[in-house]
Amino acid sequence: MPLDGDILMHVAPASPKDKVPMDQVEVFRVPQGTLVVLRPGVWHCAPFAETKEAVNCMVVLPERTYATDVVFYMVPKEDQIKIVKA
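All figures in this text were calculated on a predicted structure; none of them were measured in a lab.

A. Quick peek at the overall build of the protein chain. Across its full length, the protein chain carries 1 helix and 4 strands. In sequence order, the secondary structure elements of the protein chain are arranged as β-β-β-β-α. The principal-axis extent of the C-alpha atoms belonging to the protein chain is close to 35 × 35 × 20 Å. Burial statistics for the protein chain: of 86 residues in total, 19% are counted as buried. A separation threshold of at least 6 residues defines the contact pool for the protein chain, and within that pool the share at least 24 residues apart is 72%. In the structure as shown, the protein chain presents an accessible area of about 7,000 Å², 57% of it carried by carbon and sulfur atoms. Positive and negative side-chain charges in the protein chain, numbering 9 and 11 respectively, have mean positions lying 2 Å apart.

B. Molecular detail of the nonpolar core. Listed in full, the 5 residues of the largest apolar core are I7, M9, V11, V30 and V55. Counting residues per element, this core draws most heavily on strand β1 (residues 7–12), at 3 residues. Sequence-distant contacts of V30, that is, excluding residues within four places in its chain, are made with P2, D6, I7, M9 and V36.

C. Representation of the environment of D79 within the structure. Along the chain, D79 falls in the segment after α1 (65–68). For the pair D79 and T51, spaced 28 residues apart in sequence, the C-alpha to C-alpha distance is 26 Å. Not counting chain neighbours up to four residues away, the residues in contact with D79 comprise K19 and M22.

D. Structural context of the pattern of salt bridges. Counted by the stated rule, this structure contains 2 salt bridges. With its nearest N and O atoms 2.6 Å apart, the salt bridge here joins R29 to D6. Separated by 23 residues along the polypeptide, R29 in strand β2 (residues 26–30) and D6 in the segment before β1 bring together distant segments of the chain. You can call R29 partly exposed: its relative accessible area is 46%. R29 serves as the salt-bridge partner of E50, at 3.1 Å between the closest nitrogen and oxygen.

What counts as what
Residues numbered from 1 in each chain as written. Predicted model: local features only at pLDDT ≥ 70, side-chain atom pairs only at ≥ 80, totals over all residues. Heavy atoms only, no water. Helix = DSSP H or I, 4+ residues; strand = E, 2+ residues; numbered from the N terminus. Buried < 20%, exposed > 50% of the residue type's maximum accessible area, 1.4 Å probe, protein only. Contact = heavy atoms within 4.5 Å. Areas by Shrake-Rupley, 256 points an atom, 1.4 Å probe, with all protein chains shown as cover. Lys, Arg positive; Asp, Glu negative; His and termini not counted. Charge placed at Lys NZ, Arg CZ, Asp CG, Glu CD. Core = buried A, V, L, I, M, F, W, Y, C linked by side-chain atoms within 4.5 Å. Salt bridge = Lys/Arg side-chain N within 4 Å of Asp/Glu carboxyl O.

Next up, the structure:
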């Protein structure tokens, strides 16, 4: 939940752990104070501040989630997306 500004959050549907479905990535604007709940397996990464240099966000996870249930995957450069403000 963004506490002091709006954020842009990108997500993609759950898929095998070694391939992000880049053709299904969507970016959403999340207004300040809006709680977002992600289902298990949904691909996501840290949000981007939309209109400020930085935005503080509250993240609530079950205990030890990062130690037991996180997969880090670097998206190859040729598959990376660029967010362009319209």
